[in-house]
Amino acid sequence: MAAKKLGLKQRYALMTRGLDWETTYQPMDEVFPFDKFEGIKITDWSKWEDPFRLTMDNYWKFQAEKERKLYAVLDSFAQNNGQMGVSDAKYVNAIKLFLTGVSPLEYQAHRGFAHAGRHLRGVGPRVAAQMQSLDELRHVQTQVHTISQYNKYFDGFAEFRHMHDRVWYLSVPKSFFDDARSAGPFEYMVAIGFAFEYVLTNLLFVPFMSGAAYNGDMATVTFGFSAQSDESRHMTLGIEVIKFLLEQHPDNLPIVQKWVDKWFWRGHRVLGLVAMMMDYMLPKKVMSWKEAWEIYFTEAGGALFQDLERYGLRVPKYADVATAEAEHMSHQNWSIFYQYTHAAGFHTWLPSDEEMDWLSEKYPNTFDKYYRPRYEMWREMEKDGKRFYNNALPQLCTTCQIPMGYTEPGDPTTIAFRSSEYKGDRYHFCSDGCKDIFDNEPEKFSQSWLPVHQIFQGNCGGATVPDVLAWYNMNVGADNMDQAGSPDQKIWDAWKTKQEKVAG
Amino acid sequence: MTVELRTMSLEPRRHTFGHIARRKGADVPASRYEEGTLDLQATDNFHYKPLWEPEYWVYDTRKTAVVMKDWYDLKDPRQYYYATYNIARANMQQAVERTFSFVEKRAMLDGLDADWREKIIDTLLPMRHVAWGANMNMTNICDRGYGTAVTAPSQFAAMDHLGMAQIISRIGLALDGNSGESLDTAKTAWMDAPHWQDMRHMVEDTLVVKDWFEQYVAQALVIDAVTHAFAFDIMDSAGQTKGGAPISMMTEFMVEWRAEQTRWVDAVIKTAAAESDANRALISGWAKGWLSRAVDAVKPLCAHVVGDASAVSSIEAELSARFAKLGLAL
Ligand SMILES: [Fe+2]
Ligand SMILES: [Fe+2]
Ligand SMILES: [Zn+2]
């Protein structure tokens, strides 16, 4: 028989579609118990357009090829002590933030996409989600393997798993993903597949990866590059999910819009950590957070939402507030970490004159007016031997879990406070965005595991700061405090001296 | 200068991460398998109860009745992490590609006896649906299971089943000249033919098992073993005199896969059963129940293909012996 030539789409359909069937010995609603309670209406799963038609044979082939190359780079990085070739010891703190704050989210994505990959009723999205589950396992493992080399020589990495479940600021990314994981499968796909992987991903990975490139961290650059083709699959999945949901039924629009609003704001708050990393932690700067926001959200996101307008979807609520906050967020966050350096798992420092000039140039509207004076004051205090530490435990926003340090939109001298009452208790928020999220799901967000509350309730090892730090497995005097005088810095300096001698 | 720099010595300050050092001792380096697996899943201080299952946390040891002091005892003897897993499968897949082009170039499937060709279509090809059920169950175990040691290889197994379903699909396409007709016929058999109904019934029942370790026992220990032994041993050897040799070549992946998979599954089951008498009793009970069900479900298939079901008793005997070696009491 003469075999007919198969196009990619047809071949994929034959090899994947049709594998599933309508169950008859068990009701379909028992087999797929979780895809109805959210109120999303799917009338025809077969309308799903497979965004990438990857069969397992090609998946294994492509991914194996990438892994061979990546691990060859990692091996030579280790052999050549690549960790000592970065721009400056301060840079290493950026990857501490990455390993403790981001890599555990990759793991969460792995398990979350397994959930979606089991529970979405359509075979197309199920297979796509399963592949993403596998990819996300790749990401967490390649990140751990890459950063493993840094862990051998620098502090702040060794307890990343223990810390992610406990440390106050790490509850910001952790609660973000716990929120998505505890949502239904459609909200999860919108939260992670669309809002995170599509709308905000460039604001997370581009800063870290180009930060790595600018600062001579070839290992991180390599895993970043290597993950890029996975990410482009994830992005196409994310956009397909949105289009599919909106095309399936008009009743889906208000639900999806609410999720887009929620996850945009949730994501924006988590990205505050990235903002601070870009503006303050990279010895060689790539661009400012504000510039990144303009390129990746205002412009790229603007075009995206224009495209989605035909489905009735509008730009996320409070996008304008987020854009205005781009003038302030990194400065306010770095100030928080500077004050609480004794409770942070990475080192802090005050920006140098040169860095402050760069910040003035990048933030002409705000830096000199509001933030430079603060840093100059703290610098004076340091000189006088009175380095400023904040020993009071801060109040946290119930939703995003960031200390209440953000200012009112349009008034950078007043801290923003919002609150709501639920079942006789009062809950506090940093912003209208966070308050709205709580008000939409108070039964969920009233459960938040808020680190400061937990400390007060005696659930974090004790009542004093040393008790809590011990409970964090914080190696006090090594993991925390200023970069100057840290063991990291000493080792770095010793190595550089030795290097100069060898070089003659 | 770079040459000299490389020779400059630099003492590492630690060998691995804290959570691994606490397991192995601080002065031992850890493997990539260990660093990419141990304690990777969050364990504490979850923020919100799942909207879809508020009686549990997302990661919750209570989702199975099996109790382990340390879920990371369930290690994978293959020591797979993502990279080594994919590289292993890519190598196996290379052999598949060679075989398929070898068989297709020589039009070897034309040599199938007509009645055997029919059997391939109505009894081998529907195995792709069995594989799809397996894919769902192993994905579910990755979702609901506890601890990366067992959940990560479960996702690998899920993708293996998808890959094998696709190899079977390709056999169908090779048979029907890429029209997909044979796959449709196979699906009709899966849905309606009497010889498939016990099997489909059982597979559908596994899809709703709530205890993920029971699901693991049902799927990975029992159903994979029974269905593969039927399709790739019994049916395969029955086909040898009917021109079925190219089919053996095209399903070699499954044979290799089963040998490898068995090492992993046996390690998991043996360790979990050895943990306590309670575990042993639970797992034995599940194994016994699902084994008798799987054996019954495969009998009509066997009778359909080779005329009678007596060959199935050898599968049962072999598996009973294997389970006994794992410490199970059947
Ligand atoms: Fe990822
Ligand atoms: Fe991703
Ligand atoms: Zn907030």
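What you are looking at is a predicted structure, and each value in this text was computed from that prediction instead of being measured.

**Examining the overall build of chain A**
- If you tally the helices and strands in chain A, you get 22 helices and 4 strands.
- Relative to the 2.2 N^0.38 estimate, which gives 23 Å for 504 residues, the radius of gyration of chain A is 24 Å and therefore close to what a compact globule would have.
- With respect to the three principal axes, the spread of C-alpha positions in chain A is 85 × 65 × 45 Å.
- Relative to its full complement of 504 residues, chain A shows a buried share of 65%.
- Considering only residue pairs separated by 6 or more positions, chain A has 78% of its internal contacts joining residues 24 or more positions apart.
- For chain A, the exposed surface amounts to about 17600 Å²; the carbon and sulfur share of it is 54%.

**Some words on the environment of Tyr 33 of chain B**
All names here are of chain B.
- With respect to the helices and strands, Tyr 33 occurs in helix H3 (residues 32-35).
- Exposure remark for Tyr 33: the relative accessible area of 5% places this residue in the buried category.
- With 46 residues separating them in the primary sequence, Tyr 33 and Gln 79 have C-alpha atoms 5.5 Å apart.
- Excluding residues within four positions of it along the chain, Tyr 33 makes contact with Lys 75, Asp 76, Gln 79, Tyr 80 and Tyr 81.

**Focus on the interface of chain B and chain A**
- Contact with chain B, which involves 97 residues of that partner, is made by 107 residues of chain A.
- Summing the contributions of chain B and of chain A, the shared interface buries around 8900 Å²; its carbon and sulfur component is 59%.
- Per-residue buried area on chain B facing chain A is highest for His 47, Tyr 48 and Tyr 82 of chain B; these three make up 11% of the total on that side.
- Between chain B and chain A we count 8 salt bridges in total.
- The closest approach of N and O atoms between Asp 57 of chain A and Arg 170 of chain B, which form a salt bridge, is 3.3 Å.
- Taken together, the elements giving at least two residues each to the side of chain B that touches chain A come down to helix H1 (2-7), helix H2 (18-24), H3, helix H4 (82-105), helix H6 (127-144), helix H7 (148-175), helix H8 (181-192) and helix H9 (194-207) of chain B.
- The class makeup of the residues in the side of chain B that touches chain A is 39 nonpolar, 33 polar and 25 charged.

**Quick notes on the coordination of the zinc ion (ligand 3)**
Residue and element names in this part refer to chain A.
- Within the protein, Cys 397 (SG), Cys 400 (SG), Cys 430 (SG) and Cys 434 (SG) serve as the donor atoms for the zinc ion (ligand 3), at 2.3 Å.
- For the zinc ion (ligand 3), the 4 donor atoms in the first shell make angles of 106 to 115° at the metal, a pattern classed as tetrahedral.
- Every donor residue of the zinc ion (ligand 3) comes from the same chain, spaced as C-x2-C-x29-C-x3-C.

**Let's talk about the nonpolar core**
- Of all hydrophobic cores here, the largest spans 282 residues; its most connected members are Trp 289 of chain A together with Phe 213 of chain B.
- Considering every element that reaches this core, the biggest residue donor is helix H10 (residues 212-239) of chain B, with 18 residues.
- Discounting chain neighbours no more than four positions away, the residues touching Phe 213 of chain B are Thr 64, Val 66, Trp 71, Leu 74, Val 268, Ile 269, Ala 272, Ile 283 and Trp 286 of chain B.

**Regarding the packing of helix H3 (residues 56-79) of chain A against H4 of chain B**
- Running from N to C, H3 of chain A and H4 of chain B cross one another at 130°; their axes reach a closest spacing of 8 Å. The orientation of H3 of chain A relative to H4 of chain B falls into the category oblique. Where H3 of chain A crosses over H4 of chain B, the two elements pack in a sense that is left-handed. For the pair H3 of chain A and H4 of chain B, the contacting residues are Asp 57, Tyr 59, Trp 60, Lys 61, Gln 63, Ala 64, Glu 67, Arg 68 and Tyr 71 of chain A in the first and Tyr 82, Ala 83, Tyr 85, Asn 86, Ile 87, Arg 89, Ala 90, Asn 91, Gln 93 and Glu 97 of chain B in the second.
- Here the residues of the contact of H3 of chain A with H4 of chain B sort into 9 nonpolar, 4 polar and 6 charged.

**Digging into the confidence of the model for chain B**
- Summing up the model confidence of chain B, the mean pLDDT is 96 and the portion of residues at 70 or higher is 98%.
- Per the prediction output, this complex has pTM 0.97; the corresponding ipTM is 0.97.

**A few points about the coordination of the iron ion (ligand 1)**
Residue and element names in this part refer to chain A.
- Around the iron ion (ligand 1), the donor atoms from the protein are Glu 106 (OE), Glu 136 (OE) and His 139 (ND1), and they sit 2.0 to 2.2 Å away.
- In primary sequence terms, the donor set of the iron ion (ligand 1) follows E-x29-E-x2-H.
- Taken as an interatomic distance, the gap from the iron ion (ligand 1) to the iron ion (ligand 2) is 3.2 Å; Glu 136 donates to each of them. Separated by 3 residues within a single helix, Glu 136 and His 139 lie in helix H6 (residues 123-153), roughly one turn from each other.

**Structural notes on the packing of aromatic side chains**
- Summed over all chains, the structure comprises 57 aromatic pairs over all chains.
- When the ring of Tyr 80 of chain B is compared with that of Tyr 85 of chain B, the centres are 6.0 Å apart and the planes differ by 75°; the resulting orientation is edge-to-face.
- The exposure class assigned to Tyr 80 of chain B is buried, which follows from its relative accessible area of 9%.
- Look at Tyr 85 of chain B and you get buried, because its relative accessible area is 0%.
- Three or more aromatic residues joined by ring pairs form one cluster here, namely Tyr 280, Trp 334, Tyr 338, Trp 349, Phe 367, Tyr 375, Trp 378 and Phe 388 of chain A.

**Remarks on the pattern of salt bridges**
All names here are of chain A.
- Tallied over the entire structure, the rule returns 64 salt bridges over all chains.
- For Asp 230, the salt bridge goes to Arg 138, with nearest N and O atoms at 2.8 Å. A residue pair is termed long-range when its members are at least 10 positions apart, and Asp 230 in helix H10 (residues 218-248) and Arg 138 in helix H6 qualify at 92 residues. Comparing Asp 230 with Arg 138 shows no difference in burial state: the two are buried.
- Here Lys 285 makes a salt bridge to Glu 355, at a shortest N to O gap of 3.3 Å. Linking Lys 285 in the loop between helix H12 (272-281) and helix H13 (289-308) with Glu 355 in helix H16 (residues 353-362), this pair joins segments that are 70 residues apart in sequence.
- A relative accessible area of 15% places Lys 285 in the buried class.
- When its relative accessible area of 14% is taken as the criterion, Glu 355 is described as buried.

**Thoughts on H8 of chain B**
- Taking 1.5 Å of rise per residue, the 12 residues of H8 of chain B would be expected to cover 16 Å, and the 16 Å separating its terminal C-alpha atoms lies within 8% of that figure.
- Taken as a whole, H8 of chain B has its buried residues at Ser 182, Leu 183, Ala 186, Ala 189, Trp 190 and Met 191 of chain B.
- Tucked into the core, H8 of chain B has its buried residues touching helix H1 (8-16) of chain A together with helix H5 (114-124), H6, H7 and H9 of chain B.

**Here's the deal with the packing of H16 of chain A against helix H17 (residues 367-383) of chain A**
All names here are of chain A.
- The geometry of H16 relative to H17 is characterised by a closest axis approach of 10 Å and an angle of 165° between their N-to-C directions. With respect to their mutual orientation, H16 and H17 come out roughly antiparallel. Classified by chirality, the crossing of H17 by H16 is right-handed. Residues Asp 353, Met 356, Asp 357, Leu 359 and Ser 360 of H16 lie in contact with H17, whose contacting residues are Phe 367, Asp 368, Arg 372, Tyr 375, Glu 376 and Arg 379.
- Looking at the contact of H16 with H17 residue by residue, the class counts come to 4 nonpolar, 1 polar and 6 charged.

Rules of the game
Positions within a chain are numbered from 1, following the residues in the order the chain's sequence is written. Throughout, the order in which chains and ligands are written sets their labels, letters from A for the former and numbers from 1 for the latter. With the structure being a predicted model, the display of local features is reserved for residues of pLDDT at least 70 and the display and counting of side-chain atom pairs for 80 or more, all residues being used for whole-chain, interface and lining totals. Only hydrogens and water are set aside; all other atoms, that is, all heavy atoms of the structure, feed into the side-chain values. A helix here means a DSSP run of H or I that spans at least four residues, while a strand means a run of E at least two residues long, and both kinds are numbered starting from the N terminus. Computation of the radius of gyration draws on C-alpha atoms, with the globule rule given as 2.2 Å multiplied by the number of residues to the power 0.38. Using a 1.4 Å probe on the protein chains alone, a residue whose accessible area is under 20% of its type maximum counts as buried, one over 50% counts as exposed, and one in between counts as partly exposed. Every residue pair with non-hydrogen atoms within 4.5 Å of one another is taken to be in contact. Per-residue accessibility takes into account occlusion by the displayed protein chains alone, with areas from the Shrake-Rupley method and a 1.4 Å probe. Note: buried area is the sum, over both parts, of the accessible area (probe 1.4 Å) each one loses when the two are combined. By definition, a salt bridge exists where a carboxyl oxygen of Asp or Glu is found within 4 Å of a side-chain nitrogen of Lys or Arg. Just so you know the grouping, Ala, Val, Leu, Ile, Met, Phe, Trp, Tyr, Cys and Pro go in nonpolar, Asp, Glu, Lys and Arg go in charged, and all remaining residues, Gly too, go in polar. Any nitrogen, oxygen or sulfur atom within 2.8 Å of a metal ion counts as a donor, with the limit raised to 3.2 Å for Na, K and Ca, and since water is left out, coordination shells can look unfinished. Geometry is assigned from donor-metal-donor angles: four donors are tetrahedral when every angle falls between 85 and 135 degrees, four are square planar and six octahedral when opposite donors sit over 155 degrees apart with all other angles between 65 and 115, and any other arrangement is irregular. Put simply, a nonpolar core is a bunch of buried Ala, Val, Leu, Ile, Met, Phe, Trp, Tyr and Cys residues held in one set by side-chain atoms that sit within 4.5 Å of each other. Fitted lines through C-alpha atoms serve as axes, helices being fitted only where they are in contact, and the angles separating the N-to-C directions of these axes extend from 0 to 180 degrees. Here roughly perpendicular refers to angles of 65 to 115 degrees, roughly parallel to angles under 35, roughly antiparallel to angles over 145, and oblique to all remaining angles. Here a crossing is called left-handed whenever its near helix is offset anticlockwise from the far helix by less than a right angle, and right-handed whenever the offset is clockwise. Confidence scores here are pLDDT values: one per residue, from the predictor, ranging 0 to 100. Side-chain rings of Phe, Tyr and Trp (the six-membered ring for Trp) are treated as a pair once their centres are within 6.5 Å; stacked means planes under 30 degrees apart, edge-to-face means over 60, and tilted covers the remaining angles. Here a helix's expected span is defined as the number of its residues, less one, multiplied by 1.5 Å.

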